[in-house]
Amino acid sequence: MSNLLFDAPGPKARMRHRILTVLGLALAAVIAWLVLAKMKDAGQLDGALWKPFVTDGELWREYLLAGLINTLKAAALSVVFAAIFGIVFGMGRLSSNLVIRFVSGVVVEFFRSVPVLLMMIFLFFGYFGPQEFPSASTSSLAAVVLALTLYNGSVIAELVRSGVFSLPKGQREAGLSVGLSESSTLRTVLLPQALTAMLPALISQFVVILKDTALGVQITYPDLLNTASQIGSRYSNTVPAYVVIGLIFVLLNYLLTLVASRVEKKIRSKGMTAGAVLTTAPNLVQGDANPGEPTVHGMERVGGRISDLTQRTRFEDD
Amino acid sequence: MGDLFENYDIIGAFWVTIQLSVLGAVGALVIGTIVAVMRVSPVGVLRILGAGYVNIFRNTPLTLLMFFSVAGMAFILGLTLSENLSTNAYRWAVIALSVYHAGFVAEALRSGVNTIPAGQAEAARAIGLTFGQSMREVLLPQAFRGAIAPLGSTLIALIKNTTVAAVILGTTKPEAAGMLQVVTENEGASLATFGLFAIGFVVLTLPIGVLFTRLSQKMAVKR
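Residues numbered from 1 in each chain as written. Chains lettered and ligands numbered in written order. Predicted model: local features only at pLDDT ≥ 70, side-chain atom pairs only at ≥ 80, totals over all residues. Heavy atoms only, no water.

### Overview of helix α9 (residues 199–212) of chain A
Here is step 1: The terminal C-alpha atoms of α9(A) lie 20 Å apart, and with 14 residues this matches the ideal 20 Å at 1.5 Å per residue to within 8%.
Here is step 2: All of the buried residues in α9(A) are A:P200, A:A201, A:I203, A:Q205, A:F206, A:V207, A:I209, A:L210, A:K211 and A:D212. (Helix = DSSP H or I, 4+ residues; strand = E, 2+ residues; numbered from the N terminus. Expected span 1.5 Å × (residues − 1). Buried < 20%, exposed > 50% of the residue type's maximum accessible area, 1.4 Å probe, protein only.)

If you want it as structure tokens, here you go:
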């Protein structure tokens, strides 16, 4: 059980670890007992409340799956539009034209710092809802997708930019020296590598989008979370409904995170990009001292190339 | 625009946003530090508990936590934090913000630990420092410095996420997003109004971004 911070334990330390293990288990047991006792007091552990989730196909068909499909629909549309938005404005920020660069920068920075819910509320209650755009039944979907696109598109634009910045200088120089123009170097040499490098981060961003579709509740979008109150009033089991929906979200997002780390390993091991593999969206706060250096979590530059520290420390995947 | 400020307590709404941010940040820092310590501890069970916390709360929508806190915890399980409905929702909003962002704080702190090269710990042991000394003098200072930037982005995300409290706060004492909804529903859509609220958030988050960037550069460990 040695890791970076701790030496290999001797007999005394092993004893201490055993005591802490028992304490940890006791803590977990106490918390679980408190939760269950509280739920039992409120009558929430009655089998009748949970049974519909197992026996009632209608509950899944009419509510959970219908809601999940709406959630996935909004998330999928948002991720596609956000990727387009992100590539366009990311390239805009890398443009050699000062005006394009400035405008793209302002757009990206603005939409990154405005809360998604603020945009959703404004778009829905201000325009899409009252004008029934594009139609009465899809106005909330349109507001959800547009708000998520603007925010996540800006995040992806930053990903594109830091992906290109993380490529070695030689890539651009090689492109220019074989006679490609500045923009075709960007399009044919730099961007494909940057897009490969940001694939894991893009999948992680899908987790963010999936979670944020739940904000649609405020503007009456019938997503998965919205079905909780419907299930609650139909079967009078609000608490179990929230628990089950929470579990669906956690499971889905956890799987996506696993896919992201798989993809990351694959890209890394096959050497599909000359630059660093980006695993998370770049911060609003830039962490590195050198301007133009991307913030790459859990990585640092060692002797001119980026090495992954998380592979060496052993407490990464437990 | 002058009427807007007279008819609606916009300043008050942003004050609620600031209160939620500060209280949520303090709560998230406290819980997040405990979880981070568990996550890097040498004890397997504690590590699993810490990882479980992070994986559950980072993958759950904050909106769900907000709804569950009021509809589930308060109304059905009877864990009300105040007789007053709006105060109850307000306090639960702070708890939901703290619990949700604690997972991100824990990961930020852990990524700070991850920036330390193993050679630092080995060198500290090699020159004969005890466990406490090497923690105090060598490892923790570097870990905190490495965690500044991700902590800054977590704080900015938290300020923006206070808007999610709109789903439970109602219109009696709304924060900024709830207020925008009230104004837009009553006065109709106006880009100027949206711009006003958006700039409010830029004003809240921009100085923090600049401050943390400066701080992380100033405190960066030269390697």
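Still more ground to cover, so stick around.
### A short note on the interface of chain B and chain A
Here is step 1: Across the boundary between the two partners, chain B contributes 71 residues, which contact 63 residues of chain A.
Here is step 2: Across the chain B-chain A interface, the total number found is zero salt bridges.
Here is step 3: Counting every contact that joins chain B to chain A gives five residue pairs in polar contact (both at pLDDT 80 or more).
Here is step 4: Here the side of chain B that touches chain A takes 12 residues from helix α10 (residues 191–218) of chain B, the largest share from any one element.
Here is step 5: Taken together, the residues that form the side of chain B that touches chain A break down as 43 nonpolar, 20 polar and eight charged. (Contact = heavy atoms within 4.5 Å. Salt bridge = Lys/Arg side-chain N within 4 Å of Asp/Glu carboxyl O. Polar contact = N/O pair within 3.5 Å; in protein donor to acceptor, adjacent residues only side chain to side chain. Nonpolar A, V, L, I, M, F, W, Y, C, P; charged D, E, K, R; others polar.)

### Focus on the pattern of salt bridges
Here is step 1: Across all of its chains, the model carries nine salt bridges over all chains by this definition.
Here is step 2: Notably, a salt bridge pairs A:E109 with A:R112, separated by 3.9 Å at the nearest N-O pair. Taken together, the residues A:E109 and A:R112, both in helix α4 (residues 98–113) and three residues apart, mark about one turn of the helix.
Here is step 3: Taking relative accessible area as the criterion, A:E109 reaches 34% and is therefore assigned partly exposed.
Here is step 4: The shortest N-O distance in the salt bridge between B:E107 and B:R39 comes to 3.3 Å. Residue B:E107 is found in helix α5 (residues 85–114), and its partner B:R39 is found in helix α2 (residues 10–40); the two are separated by 68 residues along the sequence. Considered together, B:E107 and B:R39 belong to a single accessibility category, that of buried residues.

### Remarks on the confidence of the model for chain A
Here is step 1: Across chain A, pLDDT averages 84, with 86% of residues at or above 70.
Here is step 2: Within the model, the stretch residues 286–318 of chain A combines pLDDT values under 50 with 72 contacts to residues more than four positions away or in other chains. (pLDDT = per-residue confidence, 0-100.)

### Here's the deal with the environment of B:I208
Residue and element names in this part refer to chain B.
Here is step 1: Relative to the helices and strands, I208 is located in helix α10.
Here is step 2: Along the sequence, I208 and D3 sit 205 residues apart, while their C-alpha atoms lie 30 Å from each other.
Here is step 3: Ignoring anything within four residues of it in the chain, the contact list for I208 reads L155, I156 and I159.

### Structural notes on the packing of helix α5 (residues 116–131) of chain A against helix α9 (residues 176–187) of chain B
Here is step 1: Closest axis-to-axis distance for the α5(A)/α9(B) pair is 9 Å, and the angle between their directions is 10°. In terms of their interaxial angle, α5(A) and α9(B) are classed as roughly parallel. The handedness of the crossing between α5(A) and α9(B) is right-handed. Across the interface between the two elements, A:L117, A:L118, A:I121, A:F122, A:F125 and A:G126 from α5(A) touch B:A176, B:A177, B:L180, B:Q181, B:T184 and B:E185 from α9(B).
Here is step 2: By residue class, the composition of the contact of α5(A) with α9(B) is eight nonpolar, three polar and one charged. (Axes fitted to C-alpha atoms, helices over the stretch in contact; angles between N-to-C directions. Parallel < 35°, antiparallel > 145°, perpendicular 65-115°, else oblique. Left-handed = near helix turned anticlockwise from the far one by under 90°.)

### Let's talk about the packing of aromatic side chains
Here is step 1: One pass over the structure, following the stated rule, counts 12 aromatic pairs over all chains.
Here is step 2: With 5.9 Å between their ring centres and 70° between their planes, A:Y242 and B:F68 make a pair best called edge-to-face. Here the residue A:Y242 occupies a position in helix α11 (residues 238–270), and B:F68 occupies one in helix α4 (residues 62–76), the pair thus bridging two chains. The pair A:Y242 / B:F68 is uniform in exposure class, with both members buried.
Here is step 3: Cluster of aromatic residues (ring-pair linked, three or more members): A:F122, A:Y127 and B:F194.
Here is step 4: Directly above the aromatic system of B:F104 lies the positively charged group of B:R58, at a separation of 5.7 Å from the ring centroid.
Here is step 5: The positively charged end of B:K173 is found above the aromatic ring belonging to B:Y90, 4.4 Å away from the centroid. (Phe/Tyr/Trp six-rings, centres within 6.5 Å; stacked < 30°, edge-to-face > 60°. Lys NZ or Arg CZ within 6 Å of the ring centre and 35° of its normal.)

### Looking at helix α6 (residues 118–126) of chain B
Residue and element names in this part refer to chain B.
Here is step 1: All buried positions along α6 are accounted for by A118, A121 and A124. Down the axis, α6 shows its buried residues gathered within 130° of arc, on one side only. More than 90 degrees from the buried face of α6, the exposed residues found are E122 and A126.
Here is step 2: For α6, the secondary structure elements touched by its buried residues are α7 (131–161).
Here is step 3: Taken from the residues just after α6, G128 is the one with a positive phi, measuring 90°. (Arc of directions from axis to C-beta.)

### Brief notes about unusual backbone geometry
Residues and elements named next belong to chain A.
Here is step 1: For the bond running from F133 to P134, omega is -10°, close enough to zero to count as cis.
Here is step 2: Residue placement: P134 occurs in the loop between α5 and α6 (139–165).
Here is step 3: A positive phi angle is found at T220, which is not glycine, with a value near 60°.
Here is step 4: Within the secondary structure, T220 is located in the loop between α9 and α10 (226–235).
Here is step 5: The exposed category is assigned to T220, whose relative accessible area is 51%.
Here is step 6: One non-glycine residue, S236, lies in positive phi territory at about 45°.
Here is step 7: One can find S236 in the loop between α10 and α11.

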